[in-house]
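Structural features, examined
These are the residues of each chain, in order.
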Amino acid sequence: MKRRQEIFFIAFIFFIVCTGMPVFAQESSQDLEKAKEALQTGDYLEARRLFQPLLENTLMDDGEQVLGYFETFLALGNYNDGIDELESYLNKAPANPYLLYMKGRFLMAVGRYKDAEQAFIDAQKYKEDFLRNLLELGDLLEKTGRKRYAYRYYRQITSEYNQNRLRTTQSIGIAGKAFAKLGDFHEANRVFKLAYELDSKNVQNLYWWADLFREKFNNVDAQRTFEEAISINPHSAELYVGYARSLESFSRMEALANKAIEENPNCVDALNMLVEIHILDSHYDEAEELLNKTLEINPACEQSLANLASIYHLRNAEEKFAQTEQKVQEINPQCGDFYITLAENCIRRFRYKDTVSFCRKAISKELDNWHAYALLGSNILRIGQVAEARRYLERGFKGDPFNLYARNTLELIDDYKDFESMESEHFSLLIHSSESGVLGQPILALAEECYDSLHIRYPYIPEQKIRIEAYNDHADFAVRISGLPGIGLLGVCFGDVVAFDTPKAQSGSEYNWSRTLWHELAHVMTMSISDNKVPRWVTEGLSVYEEKLARPEWGREMDLELFAALDQNLLLPLEDINKGFTRPKFPEQIMLTYYQSAKLMEFIVERFGFTAIVDLLAEFGKGSNLENAFQMVLQKTPEEVEKEFFDSLRPERDKYAPVLSGLPPMFSVSNKEESFFEKLFGKSKNPFFENVKDGYELLNEGKFEDAEKKFLKAIEIFPNYTRAGNSYQGLAKIYREKGEESKLINILKDYLTFTEYGAEEARELAQIYEDMVGNLARAEYYYKRSIQIEPYDLNTHTRLAELYGKQKSYSSETEERLVILAMDPLDRAKARYHLALSLYNNGQMPDAKREVLRSLEISPGYRDAQRLLLKCVENQN
């Protein structure tokens, strides 16, 4: 036994000699690695447990334990507990720079900026090369309006890097963040890339790098890098907030903000994200309740105070707004970002003139806030002032050449050289030169018709002409709206400025430009009367309501979806109806919310009269919320109106019982993208869909009479269905095959009564009326219906021009001949000849002579043109 003990002792001494360290030191090193691993992966409580004993042993010697231990308090939002714990350690080691640095971090988190600054200064005094401390001190100085002094510290950090004095991944990442703070984004990206090559698992560096991508509008790389960081640490609240900021979807932003709060209940950034979403929904009470919590955590947080000021402004509480504004200016005299937050919240509520005002204030506070210049330029453009918008966009882009929004919008403005300006009594139109001859006059004519219809009922007279912008490229339209391509809208209203896609921008899909334009012009009225304070569902509902009032076939026939949603309890209450536009829970909900809103407007008009609509808009313009506006105008609460509305739907729903019976749940989220009706076919056993299916099967078998009965029965049950696989087109095919002209006319007329599309059917019906029936007035109507959907069909324009010639409506014929010429037909000599002929017939001899000469320039031997020239000369003499 004694011999064995001697051998063990010798081995122990040998180990110490070889390793140069005692056993307890090895164990300590292993525990440190375990603690760092737990911190890196977000197991914060375990990391805290492992760091604590190490902290006791090495408090004066090593910063890793101090930083790691107290980082767990910050990550979990235990700010006050962390401060108490820090003070107990500082009593033992008051000159420890790491403790002082962490004290500064905690005091910043709770808004004690002066005390935090002193803690950082003290930390630097005891450790002059403490780069992370310099970075945080610089950030604090920026928050309190001393950017010039902050930049000194950032340059001190970057100087260390430039002199090759940095050796650790952490210090290199700090240098990358300092370069970013100084606006040297290329160098920042290069440094972060180097840090990543040295250690791809450093979550802090990944966060900074991802945030750099996000700030520079590279959301693809931002999302990829955030996702990589989250895969390492799935419990970091700041990662979820940063990731959310890189997304466009409010639904996903909300989910990620809630996830961040789950990880850190006191995460002020995440709480503010939810506040902004509540502001988007006009849920100001809920937003203010959350802000009370954020300001309790950090009463000096500029973002929280900006969101609070936004609520006061949107509620017209200007005295409270001024008090909050003053408080922020006392904290940070260079509070440009305070006004940027105000501006962005106003954008979400369509308050573009207010946005312009706040952007100007941002610039006055912070002359080098390049984002403010770009935001100001884009919103000046929204209110139609192109030249001034360009100046600010150019200034913003010069200061920050990474700003994709500014660059894209400037490129769009440059492209305006390829557009033409046209005018009518109440409108100015900007349209691409390639389309002006085809669509310019029809757009202005429709706009004037719309104005005549709306301004009688909506008491708004614009000070200047309403500006219409028609885009033949959807990417250009998207840039006009948001600065980036890829947005899914068709039209937008900024007040007295509207923009929309022309059919060329929606090539390959069914699209009714006329309905879209009418919809946006209705927004002009509702937004202007309400001073842009109308709830979104009200203005959208009224625009859809006005569509159907203008053209019955424009009615978005979604009754089946509406009543199916009613059965599934999926129609939104008024309190949450705006969420249907911003955060839909199933694919069809956005369009369903448009339709529900329109039905609500229709209900209010029927129950209270149209004057109630105008009075509601006026109340919103005074700053009334939905509750007060309804009480003032309707003498009912929103809940009472909502109940009466739903009660009114139920008897209406009974008419659709044969179609609705036996339907499966139709509004569940599916990985496969399919429409409501695609889901129904093959799954439903109700009579309507059975008859449609059987009808097409019989049609394919050539059993026309049996198919006809099935289709007619389906239409009897549900006449509104005009989408793919409808009974009308099945019947039309049967009647064509059988040569039953009278039935064909009737079924095509019925079909075009319910659908806003059907360009092909409208052309067919027009030709039947013209060639077989001889009813030229009806032929003209249906040719025009066809052109509304497909305005570039040369044959239709030619037929319509010839029809006008038959009617001796030479002025109208001339307009069509000009359209044909603008479409650049292959035989331009012939097109110019026919234009000249229509001008001649209309008594416009000089114009006729000019056009016939142009025809002869192209084709000198054109006999018909030669004869017409002689007639023109004779008549002029």
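Here we look at the overall build of the chain
Assigned secondary structure in the chain consists of 47 helices and five strands. In terms of overall dimensions, the chain has a C-alpha envelope of 125 × 70 × 60 Å along the principal axes. Out of the 877 residues in the chain, the part that is buried amounts to 55%. Counting contacts in the chain only where the partners sit at least 6 residues apart, residues at least 24 apart contribute 59% of the total. Carbon together with sulfur atoms contributes 50% to the accessible area of the chain, which is approximately 39,400 Å² in total. Across the chain, the mean location of the 106 positive side-chain charges is 2 Å away from that of the 138 negative side-chain charges.

With respect to the packing of aromatic side chains
For the structure on display, the rule yields 43 aromatic pairs. Taking 5.7 Å as the distance between ring centres and 75 degrees as the angle between the ring planes, the aromatic pair formed by tyrosine 656 and phenylalanine 718 counts as edge-to-face. Taken together, the residues span a long stretch of sequence, with tyrosine 656 in the loop between helix H34 (638-654) and helix H35 (657-660) and phenylalanine 718 in the loop between helix H38 (704-717) and helix H39 (727-738) at a distance of 62 residues. With a relative accessible area of 9%, tyrosine 656 lands in the buried category. Summarising the aromatic geometry, the rings of phenylalanine 688 and phenylalanine 689 are spaced 4.7 Å apart at their centres and angled 75 degrees between planes, so their arrangement reads as edge-to-face. Neither residue differs from the other here; phenylalanine 688 and phenylalanine 689 are each classed as buried. Through a chain of ring-to-ring contacts, the aromatic side chains of Phe563, Tyr656, Phe688, Phe689, Phe718 and Tyr721 assemble into a single cluster. Its guanidinium or amino end placed over the ring of tyrosine 149, arginine 148 lies 4.9 Å from that ring's centre, counting from NZ or CZ. When the ring centre of tyrosine 792 is taken as origin, the NZ or CZ atom of lysine 504, which lies over that ring, is 5.3 Å away.

What about the pattern of salt bridges?
Counted according to the given criterion, the structure contains 71 salt bridges. With a shortest N-O distance of 3.0 Å, arginine 214 and aspartate 211 are connected by a salt bridge. Of this pair, arginine 214 and aspartate 211 both sit in helix H12 (residues 203-215), three residues apart, roughly one helical turn. On the basis of relative accessible area, aspartate 211 is assigned to the buried category, the value being 8%. Close ionic contact of aspartate 285 with arginine 315 constitutes a salt bridge, the shortest N to O distance being 2.3 Å. Of this pair, aspartate 285 sits in helix H17 (residues 284-297) while arginine 315 sits in the loop between helix H18 (302-314) and helix H19 (318-331), placing them 30 residues apart in sequence.

Looking at the packing of helix H9 (residues 147-162) against helix H10 (residues 169-181)
Here H9 crosses H10 at 135 degrees, and the two axes come no closer than 9 Å. Considering the angle they form, H9 stands oblique to H10. Helix-helix and strand crossings are classified by hand; for H9 and H10 the assignment is left-handed. Only Ile172, Ile174, Ala175, Ala178, Phe179 and Lys181 of H10 make contact with H9, whose side of the interface consists of Tyr151, Tyr154, Ile157, Thr158, Tyr161 and Asn162. Here the residues of the contact of H9 with H10 sort into nine nonpolar, two polar and one charged.

A few points about the nonpolar core
Counting 240 residues, the largest nonpolar core has Phe70, Ile443 and Trp537 as its most contacted members. Setting aside anything within four residues of it in sequence, one finds isoleucine 443 in contact with Leu429, Ile431, Ile468, Ala470, Phe500, Trp513 and Leu517. Grouped together as the second largest cluster of nonpolar side chains are 28 residues, Leu699, Ile715, Tyr735 and Tyr751 included.

Digging into the pairing of strand E1 (residues 419-423)
Looking at chain direction, E1 and strand E2 (residues 427-432) are connected through five bridges and run antiparallel. Across the sheet, residue serine 421 finds its bridge partner in E2, namely leucine 430. With antiparallel pairing between neighbouring strands as the criterion, E1 and E2 make up a hairpin whose turn holds three residues.

Description of empty space enclosed by the protein
This model, assessed by the stated rule, comprises one cavity of 30 Å³ or more. Put simply, the largest cavity is a space of about 40 Å³. Put simply, the parts of the chain that give the lining of the largest cavity at least two residues each are helix H11 (185-198) and H12. Here the residues of the lining of the largest cavity are counted per class, giving five nonpolar, three polar and one charged.

Some points on the environment of leucine 376
Relative to the helices and strands, leucine 376 is located in helix H22 (residues 370-382). Taking C-alpha positions, leucine 376 is 27 Å from aspartate 221, a pair spaced 155 residues apart along the chain. If we skip the residues at most four places from it in the chain, leucine 376 touches Val356, Cys359, Arg360, Ile363 and Tyr392.

Considerations on a negative patch on the surface
Negative charge collects at one region of the surface, where Glu575, Glu627, Glu639 and Glu640 lie side by side. Note on placement: glutamate 627 falls in helix H33 (residues 626-634). Glutamate 627 gets classed as partly exposed once you look at its relative accessible area, which sits at 32%.

Here we look at the environment of tyrosine 44
Position of tyrosine 44 among the secondary structure elements: in helix H3 (residues 44-58). Tyrosine 44 gets classed as buried once you look at its relative accessible area, which sits at 7%. As a C-alpha pair, tyrosine 44 and tyrosine 312 span 268 residues in sequence and 38 Å in three-dimensional space. Excluding anything up to four places from it in sequence, tyrosine 44 contacts Leu39, Thr72, Ala75, Leu76, Asn233, His235 and Ser236.

A closer look at unusual backbone geometry
One non-glycine residue, aspartate 531, lies in the positive phi region at around 55 degrees. When you line up the elements, aspartate 531 lands in the loop between helix H27 (513-529) and helix H28 (536-550). Of note, the phi angle at asparagine 532 is positive, near 60 degrees, even though the residue is not glycine. Taking the relative accessible area as the measure of exposure, asparagine 532 reaches 14% and is therefore buried.

A look at the state of the cysteines
For the coordinates displayed, the defined rule picks out zero disulfides. Looking at cysteine 301, it has no disulfide partner, and the nearest cysteine sulfur is the one in cysteine 267, 10 Å off. For cysteine 301, a relative accessible area of 9% translates into the label buried. With no disulfide of its own, cysteine 450 lies closest to cysteine 493 among cysteine sulfurs, the gap being 11 Å. Residue class for cysteine 450 comes out buried when judged on its relative accessible area of 1%.

Side note on the sheet that holds E2
Strand order in this open sheet of five strands is E1-E2-E3-E5-E4, and the pairing throughout is mixed. Strands with a single pairing partner mark the edges of an open sheet, and in this sheet they are E1 and strand E4 (491-493). Ignoring strand direction, the axes of neighbouring strands in this sheet form an average angle of 15 degrees. Bridge count between E4 and strand E5 (residues 497-501): three bridges; the pairing is antiparallel. The residue bridging cysteine 493 from the neighbouring strand is valine 498, located in E5.

Overview of the side chain of aspartate 281
The residue aspartate 281 is located in the loop between helix H16 (268-280) and H17 in this model. Once you skip the residues sitting within four places of it in the chain, aspartate 281 turns out to touch Asn578, Lys579, Thr582 and Arg583.

Some thoughts on the packing of helix H24 (residues 404-415) against helix H26 (residues 474-482)
Contact pair H24 / H26: the axes reach a minimum separation of 9 Å and the direction vectors enclose 125 degrees. In terms of orientation, H24 and H26 fall into the oblique class. In the packing of H24 onto H26, the handedness of the crossing is left-handed. Along its contact with H24, which presents Tyr405, Asn408, Thr409, Leu412 and Asp415, the element H26 presents Asp476, Val479, Arg480 and Ser482. The residue inventory of the contact of H24 with H26, partitioned by class, reads three nonpolar, three polar and three charged.

Conventions and cut-offs
- Residue numbers run consecutively from 1 along every chain, following the written order of its sequence.
- Given that this is a predicted model, residues contribute local features only at a pLDDT of at least 70 and side-chain atom pairs are listed and counted only at 80 or more, while totals for whole chains, interfaces and linings are drawn from all residues.
- Note that water and hydrogens are dropped before the side-chain values are worked out from all heavy atoms of the structure.
- Numbering of helices and strands starts at the N terminus; helices are DSSP runs of H or I of at least 4 residues and strands are runs of E of at least 2.
- Burial classes: relative accessible area under 20% of the type maximum marks a residue as buried, over 50% as exposed, and values in between as partly exposed (1.4 Å probe, protein chains only).
- We call two residues in contact when some of their heavy atoms are within 4.5 Å.
- Reported accessibility uses the Shrake-Rupley method at a 1.4 Å probe radius. Residues are deemed covered only where the shown protein chains occlude them.
- We score Asp and Glu as negative and Lys and Arg as positive, and we do not count His or the chain ends.
- To locate a charge, take NZ of a lysine, CZ of an arginine, CG of an aspartate or CD of a glutamate.
- Two rings from Phe, Tyr or Trp (for Trp, the six-membered ring) form a pair when their centres sit within 6.5 Å of each other. Planes less than 30 degrees apart are called stacked, planes more than 60 degrees apart edge-to-face, and all others tilted.
- Two limits define a charge over a ring: the Lys NZ or Arg CZ must be within 6 Å of the ring centre, and within 35 degrees of the ring normal.
- The working definition used for a salt bridge is a side-chain nitrogen of Lys or Arg within 4 Å of a carboxyl oxygen of Asp or Glu.
- Fitted lines through C-alpha atoms give the axes, limited to the stretch in contact for helices. The angle between two N-to-C directions lies from 0 to 180 degrees.
- An angle counts as roughly parallel when it lies under 35 degrees, as roughly antiparallel when it exceeds 145, as roughly perpendicular when it falls between 65 and 115, and as oblique in every other case.
- Crossings are sorted by hand: turned counterclockwise from the far helix by less than a right angle, the near helix makes the crossing left-handed, and turned clockwise it makes it right-handed.
- Put simply, Ala, Val, Leu, Ile, Met, Phe, Trp, Tyr, Cys and Pro go in the nonpolar bin, Asp, Glu, Lys and Arg in the charged bin, and everything else, Gly too, in the polar bin.
- For the purposes of this section, nonpolar cores are sets of buried Ala, Val, Leu, Ile, Met, Phe, Trp, Tyr and Cys residues that join through side-chain atoms within 4.5 Å.
- For two strands to be treated as a pair, DSSP must find at least two bridges joining them.
- Throughout, the protein atoms alone are placed on a 1 Å grid, and a set of points is a cavity if a 1.4 Å probe fits but cannot get out or a pocket if it is open with protein on both sides within 12 Å along at least five of seven lines; lining residues have an atom within 4 Å of a point.
- Grid points are joined across faces, edges and corners, and a volume is the space filled by probe spheres set on the points.
- Patches were defined on residues exceeding 30% relative accessible area and lacking a salt bridge, with like-charge contacts within 9 Å and nonpolar side-chain contacts (Val, Leu, Ile, Met, Phe, Trp, Tyr) within 5 Å.
- Two cysteine sulfurs form a disulfide in these notes if their separation is within 2.5 Å.

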